[in-house]
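# Fold and contact review
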Amino acid sequence: MSILDIRVLGDPVLRQETKVVTEFTDELQRLIDDMFETMRHARGIGLAAPQVGRAERLAVVDLGDDPFVIINPEVIVSSAARVRGEEGCLSIPDIYGDVERPKSVTVRALSRHGEPFERDASDLLARCVQHEIDHLHGKLFLDYLSVLKRTAALAKWKLQAADYPGYVRRVALETPDDLDEHGHREEEL
Ligand code: ZN
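Summarised in this report is the structure supplied together with it. In this text the structure is predicted, and so the values were computed from the model without any measurement.

### A closer look at the coordination of the zinc ion
The coordination sphere of the zinc ion, as far as protein atoms go, consists of Cys89 (SG), His131 (NE2), His135 (NE2) and Leu189 (O), spread over 2.1 to 2.2 Å. Around the zinc ion, the 4 donor atoms are arranged such that angles at the metal cover 95 to 140 degrees; this shape is classified as irregular. Each donor residue of the zinc ion lies on one chain, and together they are spaced C-x41-H-x3-H-x53-L. A residue pair is termed long-range when its members are at least 10 positions apart, and Cys89 in strand β5 (residues 82-89) and His131 in helix α2 (residues 123-135) qualify at 42 residues. Each member of the pair, Cys89 as well as His131, carries the same accessibility label: buried.

Right under this line is the structure:
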């Protein structure tokens, strides 16, 4: 398995629509394994294919005990109840913002071998799945912020964007143990 470079804000690939996956090849299995590896190394809880520069409509999710992949995912039911919560993104390091989303969703997707499944998700898992599905349609959590908050976030980003030449974040070179002194980390998706 290899750790892939993560594309950061500014790379046009993050704004592109992905392509429906129709073939479940060995190459696709390798991509999925590499994405899991990259997400774990970057200490994320979700990672979508455009974030590693790919156009396949798939994402990996792992809140800690139940990693899974969603291929060609669709939200088929959303709760009327909505909640605000802080989000970050592996492609926009160190920038956070509150986003309001449905509290629970039901997602229909294909497994890594093409079997259809449905899955109910609520709270953080629902938030994560919705954030990843947005990525598959070129949408970022910044798009939900008010103009004022988005402007502030982009100004902060501008100061650190130079740390990522070519819009590439080399996760493999980052220290794997960057927990703070309380063993806490921010969650990025
Ligand atoms: Zn993200």
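### Considerations on α2
Here α2 is 13 residues long and its end C-alpha atoms lie 19 Å apart, about the 18 Å a rise of 1.5 Å per residue gives. Of all the 13 residues making up α2, 11 are buried; the element is thus mostly covered by neighbouring parts of the structure. Turning to α2, its buried residues number three or more, namely Leu125, Ala126, Arg127, Cys128, Val129, Gln130, His131, Glu132, Ile133, Asp134 and His135.

### A short note on the pattern of salt bridges
As enumerated under the stated definition, the model contains 15 salt bridges in all. Here Asp143 and Arg15 are joined by a salt bridge, their closest N and O atoms 2.8 Å apart. Taken together, the residues Asp143 in the loop between α2 and α3 (147-160) and Arg15 in the loop between β1 (6-7) and α1 (26-41) connect sequence positions 128 residues apart. Using a relative accessible area of 30% as the deciding quantity, one classes Asp143 as partly exposed. Put simply, Lys103 and Asp123 hold a salt bridge, and the shortest N to O gap is 2.5 Å.

### Describing the sheet that holds strand β4 (residues 68-78)
Strand-to-strand pairing in sheets goes through backbone hydrogen bonds, with the strands running parallel or antiparallel. Here we have 5 strands laid out as an open sheet, ordered β2-β3-β4-β7-β8, and antiparallel in their pairing. This sheet does not close on itself; its edge strands, each paired only once, are β2 (46-48) and β8 (116-122). The average undirected angle you get between the axes of adjacent strands in this sheet is 40 degrees. One ladder, built from 4 bridges, connects strand β3 (residues 58-61) with β4; its direction is antiparallel. Pairing of Leu58 across the sheet is with Ile71, part of β4. Running over the sheet, α1 touches β2, β3 and β4 and is turned about 40 degrees from β3.

Rules used in this analysis
Residues numbered from 1 in each chain as written. Predicted model: local features only at pLDDT ≥ 70, side-chain atom pairs only at ≥ 80, totals over all residues. Heavy atoms only, no water. Donors = N, O, S within 2.8 Å, 3.2 Å for Na, K, Ca; no water. Tetrahedral: all angles 85-135°; square planar, octahedral: opposite > 155°, others 65-115°. Helix = DSSP H or I, 4+ residues; strand = E, 2+ residues; numbered from the N terminus. Buried < 20%, exposed > 50% of the residue type's maximum accessible area, 1.4 Å probe, protein only. Expected span 1.5 Å × (residues − 1). Salt bridge = Lys/Arg side-chain N within 4 Å of Asp/Glu carboxyl O. Pairing = 2+ DSSP bridges. Axes fitted to C-alpha atoms, helices over the stretch in contact; angles between N-to-C directions. Contact = heavy atoms within 4.5 Å.

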